[in-house]
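Architecture and fold: a report
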Amino acid sequence: MTDTLQIDGLEKRFTSHGRAAFRDISFSVGQGEFIALIGPSGCGKSTLLHIMAGLSEPTAGTVSLNSEPIAGPRSEMMFVFQQYTKSIFPWKTVLDNVRLGVKYHSGASSHEMEKHCLEQLNLVGLGRYPNYYPYQLSGGMQQRVAIARALARRPKILLMDEPFSALDAMMRVELQDLLLKLWSDLGLTIVFVTHDLDEALYIAQRVILLSASPGTIAQNIAVPLPYPRRQIQTRSEPEYLRLREHLFRNMVAQVMAGRADVP
Amino acid sequence: MKAWTAFRNSRAPGVVLLALLLVTWQLSATYWFKSPTWPTVTRIFEAWFENIADGTIPGHLIATLWRQMLGYGLAVVIGIMLGLVMGYYRLLYNLFEPLVEVLRPIPGPAYLPILVLFVGIGHEMKVTLIFLASLFPILLNTYSGVRSIDRVQFDTARTLGLSTLQTFRELVIPAASPQILTGMRISLAISLILAILGEMIVSNDGLGYFVLLSQRTFKVPDMYAGIFTLALLGYVLNRLFLIIESRLIRWHTESSGRT
């Protein structure tokens with residue numbers, strides 16, 4: 001597997017209090033890989049993802065995409081935010097939201113562009129809602145719009161920052177399976193931040209566990225469960241349960257250590 | 001019981017009260033309080049129709065509207081443009097915000113003496129007065145609207161590769177529009193007040209001039225007719241504004257549950 005994203009010695013200090021959110025973060029993401037980043041709150045996993053996306057600057061270290069350092073947002077790498085109510089613009093229809101990512105960048109005619117955007121909406125199961133406004137849709141549907149908008153730019157990589165954590169359990173299950181389908185159908189590379197251990201184990205091929213603040217990589221383990229994964233079967237496989245316990249022990253240990261550090 | 005609930009929940013109570021007040025006015029002026037300063041409602045409407053028929057009120061109305069819209073229009077254009085860049089660029093905000101905070105508390109009419117010295121007493125003075133008083137609510141609401149745009153929305157624009165100009169068009173202006181419109185509505189009322197004030201102080205046309213002239217020449221029904229015209233003008237302008245506003249930001253009113 002060829003590496004596509006390379007994270008090397010990354011560190012982020014906040015200027016306001018000089019403390020590091022995380023330090024010495026190095027890992028690589030192979031092409032077509034599905035990686036979950038988990039960690040206790042405050043370990044900087046979301047900040048890390050923002051830096052990978054070029055939305056924020058690290059204080060040390062580099063992120064490179066195909067051996068080219070990242071200096072700002074790149075079109076082959078799209079970000080899906082946790083706060084879909086904000087990242088989806090409420091003054092635009094579903095179709096116009098999806099179109100926003102391509103209208104200034106694609107040489108296609110407006111008719112072709114619309115067709116392309118409708119295809120993305122079909123992929124996420126919103127083909128019947130192009131003219132709806134976001135407030136007329138449920139949270140799960142709004143996050144689907146965000147995913148369709150990201151896909152419309154034909155990215156190779158999706159960076160997702162707790163995309164399903166604001167949704168109820170039913171929606172989350174549905175969107176996890178939708179995401180897995182898109183990942184295998186479109187050959188995407190996905191880095192997925194979550195605080196939910198079960199979610200991480202269920203969807204990812206590899207789980208990276210960050211330690212409590214300042215975050216470092218505590219675990220980087222493969223999840224050798226076969227795809228396609230099934231909500232009930234996968235989650236009751238012995239291997240799943242073993243990994244879950246192993247990661248949970250580690251996570252609790254990180255939380256305890258984090259507490260002990262507080263003066 | 002059902003009819004009562006329907007009445008209670010409708011606009012009818014307010015209309016009934018208005019009608020009762022007019023009837024009381026009419027009766028009081030006819031029977032109890034006969035005075036040239038308190039003409040009957042019917043007499044006022046007569047005066048109103050006469051003044052409309054001979055073109056007096058329409059002429060003054062157009063004069064008032066013209067200077068109001070000139071001053072207000074300038075305030076809208078400059079207030080929004082300055083507010084947008086002040087809200088977006090931190091340096092411009094830090095540069096102008098203290099100045100705005102110092103100038104803002106000055107009541108609009110207080111500009112008048114200075115303006116008389118510098119601009120004279122003509123049309124330009126009144127337009128400038130209206131402009132200055134209308135500017136700050138629009139400016140303030142625009143930059144605070146822009147500044148309250150969520151970080152996530154700017155990050156979204158960046159990941160979608162929007163340029164600064166495209167970000168203004170697709171994000172900043174629509175996101176700030178509810179607050180911009182609030183400022184514009186506040187200023188619309190202010191602009192009418194200042195137009196009338198300017199006309200009362202020094203002018204030879206406009207509704208403010210007409211009302212004051214009628215009072216000074218003891219044409220009391222004309223005076224009331226002028227004031228009635230102003231009430232109507234203010235009401236119609238505000239209504240029109242609300243209609244336009246609800247069209248422009250339907251997404252906002254409907255998503256925040258306001259109707």
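Keep in mind that what you see is a predicted model, and the values were worked out from it rather than measured. (Residues numbered from 1 in each chain as written. Chains lettered and ligands numbered in written order. Predicted model: local features only at pLDDT ≥ 70, side-chain atom pairs only at ≥ 80, totals over all residues.)

1. Some remarks on the overall build of chain B
- Summing up its helical and strand segments, chain B has twelve helices and zero strands in all.
- In sequence order, chain B lays out its α and β elements as α-α-α-α-α-α-α-α-α-α-α-α.
- Scaling as 2.2 N^0.38, a compact globule of 259 residues should have a C-alpha radius of gyration of about 18 Å, whereas chain B reaches 23 Å, well beyond that.
- Burial analysis of chain B (259 residues in total) assigns 35% to the buried set. (Helix = DSSP H or I, 4+ residues; strand = E, 2+ residues; numbered from the N terminus. Rg over C-alpha atoms; globule rule 2.2 N^0.38 Å. Buried ≥ 20, exposed ≤ 12 C-beta atoms within 10 Å, placed from the backbone.)

2. Here's the deal with the overall build of chain A
- Scanning chain A from terminus to terminus reveals nine helices and ten strands.
- Projected onto its principal axes, the C-alpha positions of chain A cover 60 × 45 × 35 Å.
- In chain A, which comprises 263 residues, the share counted as buried stands at 43%.
- Long-range contacts, defined as pairs at least 24 residues apart, comprise 69% of the intrachain contacts of chain A with a sequence gap of at least 6. (Contact = placed C-beta atoms within 7 Å.)

3. A short note on the interface of chain B and chain A
- Listed by partner, the interface residues are 17 residues for chain B and 19 residues for chain A.
- Elements that contribute at least two residues to the side of chain B that touches chain A include exactly α8 (151-159), α9 (164-201) and α12 (250-255) of chain B.
- For the side of chain B that touches chain A, the class distribution of residues is six nonpolar, six polar and five charged. (Nonpolar A, V, L, I, M, F, W, Y, C, P; charged D, E, K, R; others polar.)

4. Let's talk about the environment of Ala53(A)
- Mapped onto the elements, Ala53(A) comes out in the loop between α1 (45-52) and β4 (60-65).
- The contacts of Ala53(A), once residues within four sequence positions are left out, are Pro73(A), Met77(A), Phe79(A), Leu159(A) and Thr159(B).

5. Some remarks on the confidence of the model for chain B
Residue and element names in this part refer to chain B.
- A residue-level look at chain B finds 99% of positions with pLDDT of 70 or above and a mean pLDDT of 94.
- Mean pLDDT across the elements of chain B bottoms out in α12 (82) and peaks in helix α4 (residues 56-88) (97).
- Scored as a complex, the prediction yields pTM 0.89 and ipTM 0.91. (pLDDT = per-residue confidence, 0-100.)

6. Overview of the nonpolar core
- Among the nonpolar cores identified, the biggest contains 126 residues, and Leu37(A), Met52(A), Leu159(A), Phe192(A) and Val207(A) are the most heavily contacted of them.
- Among the elements that take part in this core, helix α7 (residues 123-147) of chain B stands out by supplying 14 residues, more than any other.
- Filtering out sequence-adjacent residues up to four positions away, Met52(A) remains in contact with Leu5(A), Ile7(A), Val63(A), Leu159(A) and Val191(A). (Core = buried A, V, L, I, M, F, W, Y, C linked by C-beta atoms within 7 Å.)

7. Looking at the sheet that holds strand β2 (residues 20-30) of chain A
Residues and elements named next belong to chain A.
- Taken in spatial order, the four strands of this open sheet run β2-β1-β4-β5, and their pairing is antiparallel. Looking at strand neighbours, the two that pair on one side only are β2 and β5 (68-69), the edges of this open sheet.
- In this sheet, β2 lies alongside strand β1 (residues 3-13) in antiparallel orientation, the contact comprising seven bridges. Paired with Ile7 across the bridge in β2 is Phe27.
- Running over the sheet, α1 touches β1, β2 and β4 and is turned about 125° from β1. (Pairing = 2+ DSSP bridges. Axes fitted to C-alpha atoms, helices over the stretch in contact; angles between N-to-C directions.)

8. So, the sheet that holds strand β7 (residues 157-161) of chain A
Residue and element names in this part refer to chain A.
- Pairing in this open sheet of six strands is mixed, and the strands run β6-β7-β8-β3-β9-β10 from one edge to the other. In this open sheet, the two strands that pair with only one neighbour each are β6 (77-80) and β10 (217-222). Pairwise comparison of adjacent strand axes, ignoring direction, gives a mean angle of 15° for this sheet.

9. Some remarks on the pairing of β6(A)
Residue and element names in this part refer to chain A.
- Burial along β6 is two-sided: Met77 and Phe79 facing one way and Met78 and Val80 facing the other are all buried.
- Sheet topology note: the β6/β7 ladder contains four bridges and is parallel. Paired with Met78 across the two strands is Leu158, which belongs to β7.

10. Regarding helix α11 (residues 220-248) of chain B
All names here are of chain B.
- The end-to-end C-alpha distance of α11 is 42 Å, a good match for the 42 Å that 29 residues give at a rise of 1.5 Å each.
- Taken together, the buried positions of α11 are occupied by Pro221, Asp222, Met223, Tyr224, Ala225, Gly226, Thr229 and Leu230.
- The secondary structure elements touched by the buried residues of α11 are α3 (41-53), α4, α9 and α10 (207-216). (Expected span 1.5 Å × (residues − 1).)

11. Comments concerning the environment of Gln120(A)
Residues and elements named next belong to chain A.
- Examined against the element boundaries, Gln120 turns out to sit in helix α4 (residues 110-123).
- We classify Gln120 as buried; it has 25 C-beta atoms within 10 Å.
- Considered as a pair, Gln120 and Leu151 are 31 residues apart in the sequence and their alpha carbons are 6.6 Å apart.
- Discounting residues that sit within four places of it in the chain, Gln120 has contacts with Val98, Ala148, Leu151 and Ala152.

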